[in-house]
Amino acid sequence: MSLNKHSFIRGIYYPPGDKSISHRILILAGQAIGKSEIYNLLEGEDVINTLKAMRLLGVKIEKKGNKYHVFGVPPGGLFQPNKIIDFGNSGTGIRLISGLISSNNIKVKLVGDSSLSKRPMKRVTEHLSRIGAVIQLRKKLFPPIKLKGTGNAVPLTFEILIPSAQIKSAIMLSTLNTKGTVKIKEFKSTRDHTENMLMSMGYNIKVKEGLTHRFIEMKNNKDLNTINYNVPGDPSSAAFFISAACLKPGSRLIVKNILFNKTRVGFIKTLKKMGGEIKLIRKRKIHNELIADLEIEQKRNLKSTTLKSFDIPMQIDEIPILSIAASFAKGLTIFKGLKELTVKESNRLQLIHENLRKIGVKSKIENYDLYIYGNHDLKRGGGVIKHNDDHRILMSFFIANMICEKNNIIKDKSCVKTSYPTFFKDISKFIN
Ligand code: S3P
């Protein structure tokens, strides 16, 4: 069945494994001596590229039935890869593994696809150079990253001025082979999975949160323990289904086993503020991560809202789908401080604005703030969506078909493979 203006969402949904956690568990289990087991790993292209990178760095990883076995090498023990490492579309992969390698005495060249080759890397490498790694970037900013790590990393204090879990995690991974105490100050709105996983693996890490900032202290005087990890469902993937269910009358969705970390579910808070009926029906904590089951029922039309800059990192990947929700919500919605959205897999801020116009929704951008003039009328639709192979733009404007008179035209849908290879199969199970 195809998705269109008559569609609504019903059923019991298990989102695919979380992408951020999948990257991190492969990397950290890869530094724990012995065998770790991973269930429900996201088998999207981004994560598979991280898996291949870890193999090239000497970690044995085997798939047995529905789980992955990872046999780690100790910190400082990464192998010299015998070829260039390709991260495809993945900013998380290239940035986190740059950090990991920077404190190992090996030399690598890290590359990516045309989108990744345009994304800023200096924000990460400027920190890694300070510990003693020697790094060269294209035009001093972009991949390829030519990196010579140091076996003698200097323990430092870092202050990160951009709210970015990728920058923080790159530094944290470099500390695995840094002798002494490393301190990091960063914005507390960024995702904290690296911290939670390190704690679960017995690492010496202390985390304190203030009003706006997080303070992390790490010492590499304890080995990482192996771990058996069941990757929870990805809220960023589930966001397409949850938003759709909040939008369309007749919808009722149960979401099982979703990662409910507060740095990841800002979009749920936003949808609730807009009048979405989302109920927490069960929660539990596993490996320091909150996991939940949810019930969503469409009971009323959504209304507009305003998001402040500080709230954006907690829903940074969900702004595209929230823009669709805002288009169908009564009144003016404002998302403030979206500068980071311009350096994602595409310039998402610009593409959201352009595509909203194509489907018949008025919006404007002013100083990185996005204004969306929403109402509860069906949109014109029939637009040729420009997605520049950005998975989240594509999936968001596919969901937009539910609120358009005429379906939109989306050419080449293959980029969903980076984060959600089964997106179209899954959506066909839940639409009515
Ligand atoms: C991610 C962090 C975010 C997010 C990305 C995944 C991570 O990027 O947009 O999809 O796994 O650490 P930044 O932290 O750079 O904003």
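Since this is a predicted model, take the numbers as computed values, not measurements.

## Focus: the overall build of the chain
Item 1. Helix and strand content of the chain: twelve helices and 22 strands.
Item 2. Seen through its C-alpha atoms, the chain measures out along the principal axes to roughly 60 × 45 × 40 Å.
Item 3. Within the chain, buried positions represent 59% of all 432 residues.
Item 4. Across the chain, the fraction of contacts at a sequence separation of at least 24, relative to all contacts at a separation of at least 6, is 75%.
Item 5. Where the 72 positive side-chain charges of the chain centre and where its 36 negative ones centre are 1 Å apart.

## Brief notes about the domain arrangement of the chain
A common way to express how large an interface is: the accessible area buried when the components associate.
Item 1. Taken domain by domain, the chain consists of domain 1 (10-16 + 232-428) and domain 2 (19-218).
Item 2. Just the C-alpha atoms count here: the centres of domain 1 and domain 2 sit 28 Å apart.
Item 3. Residue-level contacts link 26 residues of domain 1 with 29 residues of domain 2.
Item 4. For the pairing of domain 1 and domain 2, the buried interface totals around 2400 Å² over both sides, and the portion due to carbon and sulfur atoms is 49%.
Item 5. Contact with domain 2 buries surface across domain 1, with Phe310, Glu345 and Thr418 losing the most and accounting together for 22% of the total.
Item 6. For the interface between domain 1 and domain 2, the tally reads four salt bridges.
Item 7. Two residues, Lys262 and Glu209, come together in a salt bridge whose shortest N-O distance is 3.5 Å.
Item 8. The residue makeup of the side of domain 1 that touches domain 2, split by class, is nine nonpolar, seven polar and ten charged.

## Topic: the side chain of Arg392
Item 1. By secondary structure assignment, the location of Arg392 is in helix α11 (residues 391-399).
Item 2. With residues near it in sequence (within four places) discarded, Arg392 still touches Lys19, Ser236, Phe240, Asp317, Pro320, Arg348 and Ser419.

## What about the sheet that holds strand β14 (residues 252-259)?
Item 1. Here we have four strands laid out as an open sheet, ordered β1-β14-β16-β15, and mixed in their pairing. Two strands close off the open sheet at either side, each with one partner strand: β1 (10-13) and β15 (278-286). Within this sheet the neighbouring strands show an average axis-to-axis angle of 10 degrees, counted without direction.
Item 2. Pairing of β1 with β14 involves four bridges; the strand directions are parallel. Each residue of the ladder has a partner; that of Tyr13, found in β14, is Val255.
Item 3. Against the sheet, helix α7 (residues 235-247) makes contact with β1, β14, β15 and β16 (289-297), and its axis sits at roughly 160 degrees relative to β14, the strand it touches most.

## Some thoughts on the site of the ligand
Item 1. The environment of the ligand is formed by Ser20, Arg24, Thr92, Ser164, Ala165, Gln166, Arg191, Ile316, Asp317 and Lys344.
Item 2. Residue Gln166 places a main-chain N or O atom 3.2 Å away from an oxygen atom belonging to the ligand.
Item 3. Protein contacts shield 95% of the accessible area of the ligand, which totals 380 Å² for the unbound molecule.
Item 4. Elements supplying a minimum of two residues to the shell around the ligand: α1 (19-29) and α5 (165-174).
Item 5. For the shell around the ligand, a count of residues per class yields two nonpolar, four polar and four charged.
Item 6. Taken together, domain 1 (10-16 + 232-428) and domain 2 (19-218) each give at least three residues to the shell around the ligand, which thus spans both.

## Some thoughts on the packing of α1 against helix α6 (residues 193-200)
Item 1. Remark: α1 packs on α6, axes separated minimally by 10 Å, with the N-to-C direction vectors making an angle of 40 degrees. What the angle tells us is that α1 and α6 run oblique. For the crossing formed where α1 meets α6, the hand is right-handed. The residues of α6 that touch α1, namely those facing Ser20, Ile21, Arg24, Ile25 and Leu28, are His193, Thr194, Met197 and Leu198.
Item 2. When the residues that make up the contact of α1 with α6 are grouped by side-chain class, the tally is five nonpolar, three polar and one charged.

## Focus on α11
Item 1. In terms of burial, α11 is a largely internal element, nine of the nine residues being buried.
Item 2. Residues His391, Arg392, Ile393, Leu394, Met395, Ser396, Phe397, Phe398 and Ile399 constitute the buried set of α11.
Item 3. Summarising the contacts, the buried residues of α11 are in contact with α1, α7, α9 (319-327), α10 (348-359) and α12 (423-430).
Item 4. Looking at where α11 begins, the residue whose side-chain oxygen comes 3.0 Å from the main-chain nitrogen of Arg392 is Asp390.

## Focus on α12
Because an α-helix completes one turn every 3.6 residues, residues spaced three or four positions apart along the sequence face the same direction.
Item 1. Where α12 is concerned, the buried positions are Phe423, Asp426, Ile427 and Phe430. Buried residues in α12, looked at end-on, bunch into an arc of 95 degrees, giving them a common side. Those residues of α12 that are exposed and angled more than 90 degrees off the buried face are Lys425 and Lys429.
Item 2. Taken together, the buried residues of α12 touch β1, α7, β14 and α11.

## Side note on the sheet that holds strand β11 (residues 204-209)
Item 1. If you trace the four strands from one edge of the open sheet to the other, you get β9-β10-β12-β11, paired in mixed fashion. Every interior strand has two partners, whereas the edge strands, β9 (157-159) and β11, have only one. Each adjacent strand pair in this sheet contributes to an overall mean axis angle of 15 degrees, direction not counted.
Item 2. The pairing of strand β10 (residues 181-187) with strand β12 (residues 213-219) spans seven bridges and is classified as antiparallel. Bridge pairing in β12 places Val182 opposite Met218.
Item 3. In the packing of α6 onto the sheet, the strands contacted are β10, β11 and β12, and the crossing angle to β11 comes to about 140 degrees.

Reading guide: rules and limits
- Residues numbered from 1 in each chain as written.
- Predicted model: local features only at pLDDT ≥ 70, side-chain atom pairs only at ≥ 80, totals over all residues.
- Heavy atoms only, no water.
- Helix = DSSP H or I, 4+ residues; strand = E, 2+ residues; numbered from the N terminus.
- Buried < 20%, exposed > 50% of the residue type's maximum accessible area, 1.4 Å probe, protein only.
- Contact = heavy atoms within 4.5 Å.
- Lys, Arg positive; Asp, Glu negative; His and termini not counted.
- Charge placed at Lys NZ, Arg CZ, Asp CG, Glu CD.
- Domains from an automatic or database assignment.
- Buried area = accessible area lost by both parts, 1.4 Å probe.
- Salt bridge = Lys/Arg side-chain N within 4 Å of Asp/Glu carboxyl O.
- Nonpolar A, V, L, I, M, F, W, Y, C, P; charged D, E, K, R; others polar.
- Pairing = 2+ DSSP bridges.
- Axes fitted to C-alpha atoms, helices over the stretch in contact; angles between N-to-C directions.
- Near = heavy atom within 4 Å.
- Polar contact = N/O pair within 3.5 Å; in protein donor to acceptor, adjacent residues only side chain to side chain.
- Areas by Shrake-Rupley, 256 points an atom, 1.4 Å probe, with all protein chains shown as cover.
- Parallel < 35°, antiparallel > 145°, perpendicular 65-115°, else oblique.
- Left-handed = near helix turned anticlockwise from the far one by under 90°.
- Arc of directions from axis to C-beta.

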